[in-house]
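Next come the chains, spelled out residue by residue.
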Amino acid sequence: MAINVCRRTFLAGAASLTVLPAGAAPASPVRLGLLPFGTVQWEMATASARGLDRAAGLSLSVQELAGTQATQVALLGGGVDIIASDWLWVARQRAAGIDLSFIPYSCAVGAIIVPPDSTIRTTADLAGKRIGVAGGPVDKGWLLLRAQTAQRHGIDLAEAANPIFAAPPLLSQQLQSGRLDAILTYWHYAARLEAAGMRQLAGVADLARDLGLATEVPTLGYVFRADWAARNQATLTAFTTMTRQAKEVLARDDDAWTAIRPLLGADDDTTARHLRDRFRQGIPQRWTEAERADAARLFALLAGLGGRDLVGDASAIPDGTFWPVSWG
C-alpha cells in the first residue's frame, strides 16, 4: 500500500530552528500524520500562521497520507508521532495490547441530511426510505441512529429502511439527484449540502443526547503511543495547549478563516460560512469526568450493536485510553 502522499514542514516551525535566541533550547519536533484535506489541517495551519507552535516551543512536520487507514499504519509503524482518530479505535487497539492514548479534538461527527422539501420530519419517518450511510454497517452514526429509532419509535432501520453504504461524495451526489431520500454523512459533507440548500434533520450528537447522554462527548481526537507520550510529556503538554489555543482563535476570529480559506475547498462564501459554523459547534467545551463517564455509556451502547467488528476484544474502555488531561 502506498501511503505517503507528500511530506512538508511548516515554514514557521522550520524558521524557529534558525532564529533561536542565544541559549534557547531547540524546538521539540512533533511528526503529524494527517489527511491532505482533513479538518485538522485547518487547526495546524492556524497554529502555524499565529505562531502558536513557536510560542509552545514546537517544530511541527506534517506527513500527508492517503486515508484514515494509512494514518493508523503510520502511527503503529512509528512513522509519525500523532494522528487524528476516534477513541473507539484506540480502545480496540488497547484491548489488543497496543498502548495508544487519546486527547479530544472535536465533538463533530456527522448529520442526517434530507432535501429541503422532504416530508421526513423525525427519524421515525426514515422507515421505508432509501438512506445513504457514509462508512459501513458498523459506522458509529448509523449505530446511534438505529439505537435512537429503536428506543424512541420501536423501529430497527436496518430492517425497516433501505440503507445504502457508500463513500460520502457519492452519497451527496445521489441525494442531490433524488436517488436517495436521506443520507447520514460526515459533518463537513453535511455542511456543504446545507450550503447547497439541503436540510439537516438531526446531528449525530443530537441522537446521542436523545439516548440519554448528558454531556457532549468528543469522538475525534489526537492519538499517540503512550510510550512516546511518557518520553515526551512536556512536548505533549505543549502540543495540547497549542491545539486548544488554535481552536480559540478559530472560534472567535473570522479573519483566521479568511487565512485558511484555500484549505476549505469552498467554492463560495456560503459554503465557507457553513464549514466555519459547524466546525465551531464541534469544538469541545469540556473534558471532565462527566464526559468520560458518558463515553463509557456510549461505548457500551455501540459495542452492543456493533460487536467485535467495531470494538474488537474490548468489553469496556480500557484504562489509559484517555490521556490524563481535563478542562472545563
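Residues numbered from 1 in each chain as written. Predicted model: local features only at pLDDT ≥ 70, side-chain atom pairs only at ≥ 80, totals over all residues. Heavy atoms only, no water.

1. Considerations on the overall build of the protein chain
The helix and strand inventory of the protein chain stands at 17 helices and eleven strands. Once the C-alpha set of the protein chain is aligned to its principal axes, its extents read approximately 70 × 45 × 40 Å. Taking as baseline every contact in the protein chain between residues at least 6 positions apart, the subset at least 24 positions apart corresponds to 79%. Put simply, the protein chain shows about 14300 Å² of open surface, and 51% of that area lies on carbon and sulfur atoms. Averaged over its 31 positive side-chain charges, the protein chain has a centre that lies 2 Å from the centre of its 31 negative ones. (Helix = DSSP H or I, 4+ residues; strand = E, 2+ residues; numbered from the N terminus. Contact = heavy atoms within 4.5 Å. Areas by Shrake-Rupley, 256 points an atom, 1.4 Å probe, with all protein chains shown as cover. Lys, Arg positive; Asp, Glu negative; His and termini not counted. Charge placed at Lys NZ, Arg CZ, Asp CG, Glu CD.)

2. Comments concerning the pairing of strand β4 (residues 82-86)
For β4, the buried fraction is high: four of the five residues fall into the buried class. Inspection of the sheet shows strand β2 (residues 28-34) paired to β4 by two bridges, in the parallel sense. When the sheet's bridge partners are listed, Gly33 is paired in β4 with Ile83. (Buried < 20%, exposed > 50% of the residue type's maximum accessible area, 1.4 Å probe, protein only. Pairing = 2+ DSSP bridges.)

3. Overview of the pattern of salt bridges
Overall, the coordinates contain 19 salt bridges when judged by the stated rule. Here Asp253 and Arg50 are joined by a salt bridge, their closest N and O atoms 2.8 Å apart. Taken together, the positions of Asp253 in the loop between α12 (233-252) and α13 (254-259) and Arg50 in the loop between α2 (40-49) and α3 (52-55) put the pair 203 residues apart, joining distant regions of the chain. Looking at Arg50, the relative accessible area reads 39%, which means it is partly exposed. (Salt bridge = Lys/Arg side-chain N within 4 Å of Asp/Glu carboxyl O.)

4. Details of helix α6 (residues 140-153)
If you check α6, its first and last C-alpha atoms are 19 Å apart, about what 14 residues at 1.5 Å a residue would give, namely 20 Å. Among the 14 residues in α6, ten count as buried, and that is most of the element. Taken together, the buried positions of α6 are occupied by Lys140, Gly141, Trp142, Leu143, Leu144, Leu145, Arg146, Ala147, Gln148 and Thr149. Looking at where α6 begins, the residue whose side-chain oxygen comes 3.0 Å from the main-chain nitrogen of Gly141 is Asp139. (Expected span 1.5 Å × (residues − 1). Polar contact = N/O pair within 3.5 Å; in protein donor to acceptor, adjacent residues only side chain to side chain.)

5. Describing helix α4 (residues 68-76)
Buried within α4 are the following residues: Ala70, Thr71, Gln72, Ala74 and Leu75. In this structure, the buried residues of α4 make contact with β2, β3 (58-65), β4, α5 (87-95), β5 (100-106) and β11 (220-225). Just beyond α4, the residue with positive phi is Gly78, at close to 85 degrees.

6. Considering the side chain of Thr123
Inspection of the secondary structure assignment puts Thr123 in the loop between β6 (110-114) and β7 (130-134). Within the structure, the side chain of Thr123 is placed 2.7 Å from the side chain of Gln148, a separation counted as a polar contact. With near-sequence residues (within four places) excluded, Thr123 lies in contact with Ile112, Leu145, Gln148, Thr149, His153, Leu201 and Leu207.

7. Some thoughts on the nonpolar core
As a rule of thumb, soluble globular proteins bury nonpolar side chains together. If you look at the biggest cluster of nonpolar residues, it comprises 88 residues, and the most contacted ones within it are Leu32, Met44, Trp87, Phe239 and Phe299. In terms of residue count, α12 provides more of this core than any other element does, seven residues in total. Ignoring anything within four residues of it in the chain, the contact list for Phe299 reads Trp87, Leu88, Ala91, Val311, Ala314, Ser315, Ala316 and Ile317. Counting residues in hydrophobic clusters, the runner-up holds eleven residues, among them Ala111, Ile113, Leu175 and Met198. (Core = buried A, V, L, I, M, F, W, Y, C linked by side-chain atoms within 4.5 Å.)

8. Quick look at the side chain of Ser106
Tracing the backbone through its elements, the reader meets Ser106 in strand β5. Ser106 gets classed as buried once you look at its relative accessible area, which sits at 8%. For Ser106, the side chain forms a polar contact with the main-chain oxygen of Gly282, separated by 3.4 Å. Once you skip the residues sitting within four places of it in the chain, Ser106 turns out to touch Pro218, Thr219, Leu220, Gly282 and Pro284.

9. Observations regarding the sheet that holds strand β10 (residues 199-203)
Spatial ordering of the open sheet is given by β8-β7-β9-β6-β10, a layout of five strands whose pairing is mixed. Sheet topology places β8 (162-166) and β10 at the edges, where each strand pairs with a single neighbour. Within the sheet, the average angular offset between the axes of one strand and its neighbour, ignoring direction, is 25 degrees. Here four bridges tie β6 to β10, and the two strands are oriented antiparallel to one another. Residue pairing in the sheet places Ala111 in a bridge with Gly203 of β10. Seen against the sheet, helix α9 (residues 187-195) touches β6, β9 (182-186) and β10 and runs at an angle of roughly 130 degrees to β9. (Axes fitted to C-alpha atoms, helices over the stretch in contact; angles between N-to-C directions.)

10. Here's the deal with the environment of Leu302
Its place among the elements puts Leu302 in helix α16 (residues 289-306). Expressed as a C-alpha distance, the spacing of Leu302 and Ile164, which sit 138 residues apart in the sequence, is 20 Å.

11. Topic: the confidence of the model for the protein chain
Overall, the prediction assigns the protein chain a mean pLDDT of 91, with 92% of residues at 70 or greater. Counting contacts from residues 1-24, a segment whose pLDDT is below 50, to residues more than four positions away or on other chains yields 44 contacts. (pLDDT = per-residue confidence, 0-100.)

12. Details of the environment of Gly312
Here Gly312 lies in the segment after α17 (308-311). Sequence separation between Gly312 and Asp294 is 18 residues, and the spatial gap between their C-alpha atoms is 20 Å. Setting aside anything within four residues of it in sequence, one finds Gly312 in contact with Arg92 and Gly307.

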